[in-house]
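# Fold and contact review
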Amino acid sequence: MAPASKADKKAAGDVAAWMFNVVTSVGIIIVNKALMANYGFFFATTLTGMHFATTTLMTIVLRWLGYIQASHLPLPDLLKFVLFANFSIVGMNISLMWNSVGFYQIAKLSMIPVSCLLEVAFDKIRYSRDTKLSIVVVLLGVAVCTVTDVSVNTKGFIAAFVAVWSTALQQYYVHYLQRKYSLSSFNLLGHTAPVQAASLLILGPFVDYWLTNKRIDHFAFNFPSLVFIILSCTIAVGTNLSQFICIGRFTAVSFQVIGHMKTILVLILGFLFFGKEGLNIQVVVGMIIAVFGMIWYGNASSKPGGKERRTHSVKHGSDSSQVDDKV
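Predicted, not measured: the structure shown is a model, and the values here were computed from it. (Residues numbered from 1 in each chain as written. Predicted model: local features only at pLDDT ≥ 70, side-chain atom pairs only at ≥ 80, totals over all residues. Heavy atoms only, no water.)

## Notes on the packing of helix 6 (residues 129–146) against helix 10 (residues 281–302)
The geometry of a pair of packed helices is captured by two quantities: the angle between their axes and the separation between those axes. For the pair helix 6 and helix 10, interaxial distance at closest approach is 7 Å and the crossing angle is 160°. Classified by the interaxial angle, the pair formed by helix 6 and helix 10 is roughly antiparallel. In the crossing of helix 6 with helix 10, the sense of the turn from one axis to the other is left-handed. (Axes fitted to C-alpha atoms, helices over the stretch in contact; angles between N-to-C directions. Helix = DSSP H or I, 4+ residues; strand = E, 2+ residues; numbered from the N terminus. Parallel < 35°, antiparallel > 145°, perpendicular 65-115°, else oblique. Left-handed = near helix turned anticlockwise from the far one by under 90°.)

This is the structure we're talking about:
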């Protein structure tokens, strides 16, 4: 009875973590779109720096209250993580600017196979045939839903390549650092958020000027825009934390697969709140395929041999290999 109870608690925790990520991610998309569309605040990189500055304040308060314990993260690992994370943020912004929406979506979808490759190469993860096929079905479904026009140019391809690999490496590193140094999500944020905030607040205005040809010091701040900026920063604390919690629980690949459910939910909410203009048979079929693939992935990856870490050990001069726990 105890194992079942433990499994139920883990399942409940997984659902709660995922819902936390969905709510905060969708919320920040809506707020940021309103901030850009209604008030012309197009400084996405600088805004992300503000997000991490707010997250840093949260970690300071939590450390003062005793919710975050002292922990250690070596400087080389910290700098490597921040480098990947910042390249991810800037790369995604540039990719969106230089590419068609269709190619941008395809680039985002390619993060799943790249994350799989990283897990296979560094963690010796082995996927079953069903798990691989379920991932392909998820990618196919989301592609049918979201990909329309696709045009590629050289600089757009390079931007997308950098964005995809840096994002996959950043998400892989979240799981890797938490596991290697026994860091909680709060601890890891406490180490990484201040460095990301400082670097993005320094570089952000220059990157945003290069991308938009607009200077943030010329922006006409007013009370409504400040309210939306503060709201965006507040929600971002939950988004940043939920990402670390989810990757810590699910691994980067599972987080990417489950994360595509957010795409489906955003489409559904758009139909509910803004009418059925975008509802067509292509989108409906894509949603059905993607949801089927996600359910299949959950079942396939949880079965014995569906997704396992393979370890090799040497005993008394003879090679012996064994399959470690499921991940």
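From this point, things continue past the structure.
## A short note on the side chain of Asn 187
Tracing the sequence through the fold places Asn 187 in helix 8 (residues 185–212). By relative accessible area, Asn 187 is classed as buried at 11%. Of the polar contacts made by the side chain of Asn 187, one reaches the side chain of Ser 184; its length is 2.8 Å. Setting aside residues no more than four positions away along its own chain, Asn 187 makes contact with Ile 68, Gln 69 and Ser 71. (Buried < 20%, exposed > 50% of the residue type's maximum accessible area, 1.4 Å probe, protein only. Polar contact = N/O pair within 3.5 Å; in protein donor to acceptor, adjacent residues only side chain to side chain. Contact = heavy atoms within 4.5 Å.)

## Regarding unusual backbone geometry
Although it is not a glycine, Ser 182 sits at a positive phi angle of roughly 50°. Note on placement: Ser 182 falls in the loop between helix 7 (154–181) and helix 8. Relative accessible area serves as the criterion here: at 64%, Ser 182 is assigned to the exposed category.

## Some words on the pattern of salt bridges
On inspection of all chains with the given rule, the structure shows two salt bridges. Note that Asp 217 is salt-bridged to Arg 215, the shortest N-O span being 2.7 Å. (Salt bridge = Lys/Arg side-chain N within 4 Å of Asp/Glu carboxyl O.)

## A word on the nonpolar core
Counting 58 residues, the largest nonpolar core has Phe 81, Ile 135, Leu 188, Val 253, Val 257, Ile 264 and Met 294 as its most contacted members. The element best represented in this core is helix 9 (residues 223–274), accounting for eleven residues. (Core = buried A, V, L, I, M, F, W, Y, C linked by side-chain atoms within 4.5 Å.)

## A word on the packing of aromatic side chains
Following the criterion strictly, the structure yields 15 aromatic pairs and no others. Taken together, the ring pairs connect Phe 84, Phe 122, Tyr 172, Tyr 173 and Tyr 176 into an aromatic cluster. Lying over the aromatic face of Trp 98, Lys 155 brings its terminal NZ or CZ to 4.8 Å of the ring centre. (Phe/Tyr/Trp six-rings, centres within 6.5 Å; stacked < 30°, edge-to-face > 60°. Lys NZ or Arg CZ within 6 Å of the ring centre and 35° of its normal.)

Take it as geometry only, folks, not as evidence of what the structure does.
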